[in-house]
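One letter stands for each residue in the lines below.
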Amino acid sequence: MSIETTHSHDESHDDHHDHAPSGFLDRWLFTTNHKDIGTLYLVFSLLMFFIGGSMAMIIRAELFMPGLQLVEPDFFNQMTTMHALIMVFGAVMPAWVGFANWMIPMMIGAPDMALPRMNNWSFWILPFAFTMLLSTLFMDSGGPAAGWTLYPPLSLQGGQSFAFVVFAVHMMGISSIMGSINVIATILNMRAPGMTLLKMPLFVWTWLITAFLLIAVMPVLAGAVTMLLTDHFFGTSFFNAAGGGDPVMFQHIFWFFGHPEVYIMILPAFGVVSEIIPTFARKPLFGYTAMVYATASIAFLSFIVWAHHMFTVGMPLTGELFFMYATMLIAVPTGVKVFNWVSTMWRGSMTFETPMLFAIGFVVLFTIGGLSGLMLAIAAVDLQYHDTYFVVAHFHYVLVPGAVFALMAGTYYWLPKWTGHMYSEKWGKIHFWVSTISVNILFFPQHYLGLAGMPRRIPDYSTQFADFNMISSIGGFIFGASQLIFVGVIVHCVYKSRKAATAQVWEGARGLEWTLSSPPPYHSFNTPPPINASTVAHADEAH
Amino acid sequence: MSLNSREDLANRRSRAVKTAWLLGLIAAGIFVAFVLSGVLGH
Amino acid sequence: MKKQNTFIVATAVTAAVIAAFWLLLAAPGYTGNEINMTRGVTAQSMISYKLHMIILWICVVIGVIVFSAMFYSIVAHRKSKGYEASQFTHSTKAEIVWTIIPVLILIVMAVPATTALVHMEVAPETEMTVKITGFQWRWKYQYMEDEISFISSLHLDSNAARRLASGTNPESVENYLLEVDNPLVLPANTKIKFLITADDVIHSWWVPALGWKRDAVPGFINEAWTEILEPGVFRGQCAELCGKDHGFMPIVLNVLPKDEYQAWAEQQRERMAHQDEETRRLWTRDELMATGENVYAAQCATCHQADGQGLAPAFPALAGSAVTQGPVEDHIQVVLNGREGTAMQAWGNMLSDSDIAAALTYTRNAFGNETGDVVQPQTITRIKNG
Ligand code: HEM
Ligand SMILES: [Cu+2]
Ligand SMILES: [Cu+2]
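Residues numbered from 1 in each chain as written. Chains lettered and ligands numbered in written order. Predicted model: local features only at pLDDT ≥ 70, side-chain atom pairs only at ≥ 80, totals over all residues. Heavy atoms only, no water.

Undergrad: Help me understand the overall build of chain B in this model?
TA: The helix and strand tally for chain B stands at one helix and zero strands. A total of 42 residues make up chain B; the buried ones form 29% of that total. For chain B, the accessible area works out to roughly 2800 Å², and carbon and sulfur atoms hold 71% of it. (Helix = DSSP H or I, 4+ residues; strand = E, 2+ residues; numbered from the N terminus. Buried < 20%, exposed > 50% of the residue type's maximum accessible area, 1.4 Å probe, protein only. Areas by Shrake-Rupley, 256 points an atom, 1.4 Å probe, with all protein chains shown as cover.)

Undergrad: What should I look at first to understand the coordination of the copper ion (ligand 2) in this one?
TA: Each donor-metal-donor angle in an ideal tetrahedron of four donors is 109.5 degrees, and each such angle in an ideal octahedron of six donors is either 90 or 180 degrees. Residues and elements named next belong to chain A. Surrounding the copper ion (ligand 2) are the protein donor atoms His-259 (ND1), His-308 (NE2) and His-309 (NE2), which sit 1.8 to 2.1 Å from the metal. A distance of 4.6 Å spans the gap from the copper ion (ligand 2) to the iron atom of ligand 1. Taken together, the residues span a long stretch of sequence, with His-259 in helix H7 (residues 247-281) and His-309 in the loop between helix H8 (288-301) and helix H9 (317-345) at a distance of 50 residues. By relative accessible area, His-259 is classed as buried at 5%. (Donors = N, O, S within 2.8 Å, 3.2 Å for Na, K, Ca; no water.)

Undergrad: Could you clarify how one ought to interpret the arrangement of the chains in this entry?
TA: Interchain contacts are distributed over two pairs of chains, and the most extensive set of them lies between chains A and C. Nothing in chain B touches chain C; the tightest C-alpha to C-alpha distance between them is still 15 Å. (Contact = heavy atoms within 4.5 Å.)

Undergrad: Help me understand the sheet that holds strand E3 (residues 148-152) of chain C in this model?
TA: As a general point, the strands of a sheet are linked pairwise by backbone hydrogen bonds and lie either parallel or antiparallel. Residues and elements named next belong to chain C. Read from one edge to the other, the open sheet built from five strands follows the order E3-E2-E1-E5-E8, with strand pairing classed as mixed. Edge strands, defined here as strands with exactly one partner in the open sheet, are E3 and strand E8 (222-227). Between one strand axis and the next, the sheet turns by 20° as a mean value, whatever way the strands run. By the bridge criterion, six bridges tie strand E5 (residues 191-198) to E8 in an arrangement that is antiparallel. (Pairing = 2+ DSSP bridges. Axes fitted to C-alpha atoms, helices over the stretch in contact; angles between N-to-C directions.)

Undergrad: Looking at this structure, how should I read the site of ligand 1?
TA: Residues and elements named next belong to chain A. In the vicinity of ligand 1 lie 22 residues, with Trp-148, Asp-382, His-386, His-394 and Arg-456 positioned nearest. Between an oxygen atom of ligand 1 and a side-chain N or O atom of Trp-148, the distance comes to 2.9 Å. Asp-382 has a polar side-chain atom sitting 2.6 Å from an oxygen atom of ligand 1. Counting residues per element, the ones that place at least two in the shell around ligand 1 are H7, helix H10 (354-377) and helix H12 (389-419). Top element by residues in the shell around ligand 1 is H10. It accounts for six residues. Class assignment of the residues belonging to the shell around ligand 1 gives a composition of 13 nonpolar, seven polar and two charged. (Near = heavy atom within 4 Å. Polar contact = N/O pair within 3.5 Å; in protein donor to acceptor, adjacent residues only side chain to side chain. Nonpolar A, V, L, I, M, F, W, Y, C, P; charged D, E, K, R; others polar.)

Undergrad: What am I meant to see in the packing of helix H3 (residues 73-108) of chain A against H7 of chain A here?
TA: Helix-helix packing is described using two parameters, namely the angle between the two axes and the distance between the axes. Residues and elements named next belong to chain A. Relative to each other, H3 and H7 sit at 40°, their axes nearing to 11 Å. Here H3 lies oblique to H7, going by the angle between them. Like other packed secondary-structure pairs, H3 and H7 cross with a definite hand, here left-handed. The segment H3 lies against H7, with Val-88, Phe-89, Val-92, Met-93, Trp-96 and Met-107 engaging Phe-257, Glu-261, Ile-264, Met-265, Pro-268, Ala-269, Val-272 and Glu-275. (Parallel < 35°, antiparallel > 145°, perpendicular 65-115°, else oblique. Left-handed = near helix turned anticlockwise from the far one by under 90°.)

Undergrad: Sorry, what's going on with the interface of chain C and chain A here?
TA: Often the size quoted for an interface is simply the accessible area lost on bringing the parts together. Listed as interface residues are 104 residues of chain C and, on the opposing side, 109 residues of chain A. Across the chain C/chain A interface, buried area totals approximately 9000 Å², and carbon plus sulfur atoms make up 69% of it. Counting the surface chain C buries against chain A, the share from its top three residues, Trp-98, Leu-164 and Leu-241 of chain C, is 8%. The tally of links between chain C and chain A comes to one salt bridge. Put simply, Lys-79 of chain C and Glu-507 of chain A hold a salt bridge, and the shortest N to O gap is 3.0 Å. The interface formed by chain C and chain A holds 22 residue pairs in polar contact (both at pLDDT 80 or more) in total. Looking at the side of chain C that touches chain A, the elements that each hand over two or more residues are helix H1 (2-26), helix H2 (43-76), helix H3 (92-121), strand E7 (212-216) and strand E9 (232-238) of chain C. (Buried area = accessible area lost by both parts, 1.4 Å probe. Salt bridge = Lys/Arg side-chain N within 4 Å of Asp/Glu carboxyl O.)

Undergrad: Whenever I open this one, the nonpolar core confuses me. Can you help?
TA: What tends to happen in soluble globular proteins is that the nonpolar side chains get buried as a cluster. Counting residues in hydrophobic clusters, the biggest one holds 279 residues, and the most contacted among them are Phe-89 of chain A together with Phe-194 and Trp-205 of chain C. The dominant element in this core, judged by the number of residues it contributes, is H3 of chain A, at 23 residues. What Phe-89 of chain A contacts, discounting residues up to four positions off in sequence, is Pro-94, Phe-130, Trp-148, Met-172, Met-218, Leu-221 and Phe-257 of chain A. In terms of nonpolar packing, the next biggest core, distinct from the first, is built from 19 residues, Phe-135, Ala-357, Ala-359 and Leu-360 of chain C among them. (Core = buried A, V, L, I, M, F, W, Y, C linked by side-chain atoms within 4.5 Å.)

Undergrad: Would you explain the packing of helix H6 (residues 202-233) of chain A against H8 of chain A in this entry?
TA: Residue and element names in this part refer to chain A. For the pair H6 and H8, the least separation of the axes is 10 Å and the interaxial angle reads 15°. It follows that H6 is roughly parallel to H8 by the angle criterion. Crossing of H6 over H8 shows right-handed handedness. Only Tyr-288, Met-291, Val-292, Thr-295, Ala-296 and Ala-299 of H8 make contact with H6, whose side of the interface consists of Leu-202, Trp-205, Thr-206, Ile-209 and Leu-213. Per-class residue counts for the contact of H6 with H8 are nine nonpolar, two polar and no charged.

Put into C-alpha cells, the structure is as follows:
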C-alpha cells in the first residue's frame, strides 16, 4: 500500500497533495511543503545577504581613506551592528535551514519534514522579525549601535528602538528553535527503514548536531536580551554596576551563546563540503566515522571555550589558562576534518565543476581562518590581537570563504536537482574565481592592519593604516559586485536554462537524493526507498 | 515490519510530536533557568 | 582536458599574484604601512611578539604541508589525466597519527604560552600607581601617590579635521587621531601599577608598545602593570566599542627618564595647588566666558556641537534649551551628575570646579542664550560638598 492513500482525517490535508497548489498564496504563504519552505528560506537569506552586503559596502566606502567622508560615526556604528546581526541571523542561519528543509527529507528517505505546519511558522516569523529589526534604522533613536554583541552598558544607551531589537532577537530565536526541533524530530523519527544513524549523509549528521546546539543556546541569548530589556525599560540592574549588577556577566552569558553560535554557522558547512568532495573525487569520503565524532567533539568543546572572547576583561589567571587550553584543543577535531577532506581527494579521480571549486576554496581559506583562530587562542598574545582587525580578518575568513562559500558550493551542487536544469558552468566558474581572488584582497590585508594596531569598529583611522584599508575596500567592492553574477546564474538556471538535468546530475554523486528525478516530486519519498550500498552516500562499513 | 501501513505513518508522526514537545520544554527550561539564575544571583 | 588545464593555470596565477604581493611587503625596500606586531618597549610586549612569531611560523608550516598535499593531489589525481579513483575509505593508523601529532604540537605551544601569560598577569612589587578612568570619550589619569590628575582628550586639530566632510586632509594633521591635549607622562625603568576602570560604559586601554590591553569596566577596577624600558612617545587607542566617538579617544604616553619625570611631577603638583587657589577666588564674567569657551570646545562640543545645536535625537541642543535657560541650580545638577542612561556624563569628578563654572557661565550666555548669569567656582564647590 502506498502512502498517498493513507490520509488520516485528523491531519491537515494540505501536506498530502502530490502537486504544488496553484494559487500564489496557497503555494507560498500557507505552504507546509518542505521544498517550498526550503525555497522560501533560501530566497529570504539571499535577500538578507544583499541587504547586509550593502551595509558592508557603506562600511568599506567610509573606510576607503582616512577622514570621514560619507557618514556620521553613530550611523557607522549602526551599520557595523546591523551588518553583523543581519548576516548572522538573517543570511547564514536561515540559508542553512533552507538547505536542511530541502535536503534532509530527501537524504533520509522521508516524504517531508516531521512537523510541516510548524515548519511554515518557523519561516514566516522571520520576515516579521527582520522588518522589525530594519525598521529601527528609520526610528528617531536609530538602529542598535553597540555592536552585534550588544554589550551593556553601551547597548542600554540606545533609545526606545532598543525594544524592537530585543523583540526581533526573540522572534529569530523562536524561529531557530522551532526549525531545530523540526530537524531533530525529522531525523530521529522519519528515516526510511534501514537508514541507521551511521549511514546518514554527513550533512544530516552535522545538522542534527547543529540543531542540538541551537536548542541549547538560543534560549540563553533570549534570556540575556530579556535582561537587557528589563534593565533598559523596567529599572532592573542585572548588568548595571551602579545598581549592584555586573556588566561582565552579560559577556559571559552572551559568549556562552556566541561561541556555539559560530559553530552553528560552520557545522552544516562541514557537512556540505563532506558531500561535495567525494562526488567530484569519485571516491568515498575518507574516515566517515571519524568525521561524525570530530563534529560531535567540536560541538561539545564549543560549550567550554566561551571566555576566549574575554581575555582582556580581567579574569583570574586560572580561568584564562583553562579557556586557552580548551580553545587550543578545538584545533584537534578541526584538523581531523581538514586532513580527512584532503585524504578524500588523495588518489581520487577529480574534476573541477563549480561546486568542487567552491569546496576546495572552502578547505583552503577556512583553514587559514582556523589557523589564525589558533593564534587568537594564545591568551598572552590575544591581549594584543583582541578587538583589532586581526580578529575581524579571522572571523571573516571562517565565515565568508568558510560558511558562505560552503553555501554557494551547496547551491551549485544541488541547484540542478532542485530546478531540473543545469546552471551555466562557465559563469559559475567566473563567479568562483572573481569571488576567491577578491575575498582575499578584502580580508587578507586586515591581518596586517590588526597586527599594526588598528582597532575594530572605528569609522576613521590614523594615516598609517591608509594603504591596506584602501586595498581592502577595493577587494570588498569587487567581492560585493561579483555576487551579482551568483544571482544571475541562479535566475538563468531557474527560468532560462534549457539544459535538462538527469536524476544523477553528477557522475560521482551518491545518496538517496540522486535517486529521485530532477526536479524531485513534490513529496520526496512517499514510499520509503530501499537502503543498500548503492543508495547510501557514504558509510564507513566497507572495512 | 509493516512500514508502509497507515498506522506506521501515524505512529511516526505522533512520535515526532512527542520529540518536539520534549525539545521545546528543554528550550523553555534553559531560558527560565538562565533568567532565574540572573534574578536569584542578584 | 582543456578545462582542467585552465583550472591549473588559474590556480597558478592566483598563487603567483598572492606570493608576489607578500614578497613585495616583506621586501626590505618596502616603506609603506607596518604589517606586523610591534616588538614594543616592555618585557611583556617582547614576549608577546616572540610568541606571536613562533605560533605564526608553526601555523605557516602546517598550512604549507596541508596545502601542498592537497595541490599535489589536485594536479596529479585528475580524471582528465585518466587517473583511476582508488576506493579506500579510512585508515585507522593515519587517523591516529593526525590526532596525536597535533596534540603534541599543541603541547609544545602551550608551554611558552603558559609561562608568557603568567609573566604578563602576575604583577611584581610596583613603585607607583596610576589610576585610569575611561569616559565617553576621553581618559582621566590620576597619579595615586602624587595627587596629580588630569583629563586627556583628542587633540583639537584632529578633532576638527575628523568632522564629516571637514575639508581638512588628514595627511596634513600631525599624528591624525593619535594625538591628545595632555599625554600620560610616565618614568622609564619604573615598575608601574595601573588601576583601570570606567565611569559610563566599557572601554579598553591599549598601547601596543606595552604589549597588552585591559578593559575599563564601570563599577570594577582591573589591575595591570608595566615597566617601560626606554623613554619615548608611544601611541594607542581605546579598543572597546564605547559609542559614537570610540574611534576618537586616543592614548599618548610620554615616557621620560626618571629625573625629567620628577621635574615634570613637581611642576604638576604646583599646577594642582594653583588650581585649588583658582577655585577659591572670585572670577570676572569675562574670565569665565573666555575659559568657558575653551572648555566647551574641548569637552562639550563633541556632542552638543560647536554652535550649541546638538545632534538630534541623542544629543540635545543647548541653544534655547529649558535647562540652560532655566534655574541655575538644576543646570548645575545636570552637569555635575550627568543624566543616567545617556552619554551625558557626571562632569563633577572630571573637570575642576572652575572649569565647570566657566562652562556653565558660557553656555548660559552663548548661542543666543541670554540669562546674564555668572556662575562662580565657589558655588560649584559648595553644591558639590552638599
Ligand atoms: C580552530 C578553530 C577556532 C579557534 C581556535 C578560534 C578562536 C577564536 C578566538 C580566540 C576568538 C576571540 C578573539 C578575540 O576577540 O580576541 C575568536 C573570535 C571569533 N571567531 Fe573564532 N576560532 C575558531 C574557529 C572559528 C569558526 C569556525 C568560526 C565561525 C564560523 C569562528 C568565528 C569567530 C567569530 C565570529 C569571532 C569574533 C566574534 C566577535 O568578537 O564579534 N571562529 N575565535
Ligand atoms: Cu569563540
Ligand atoms: Cu572605545
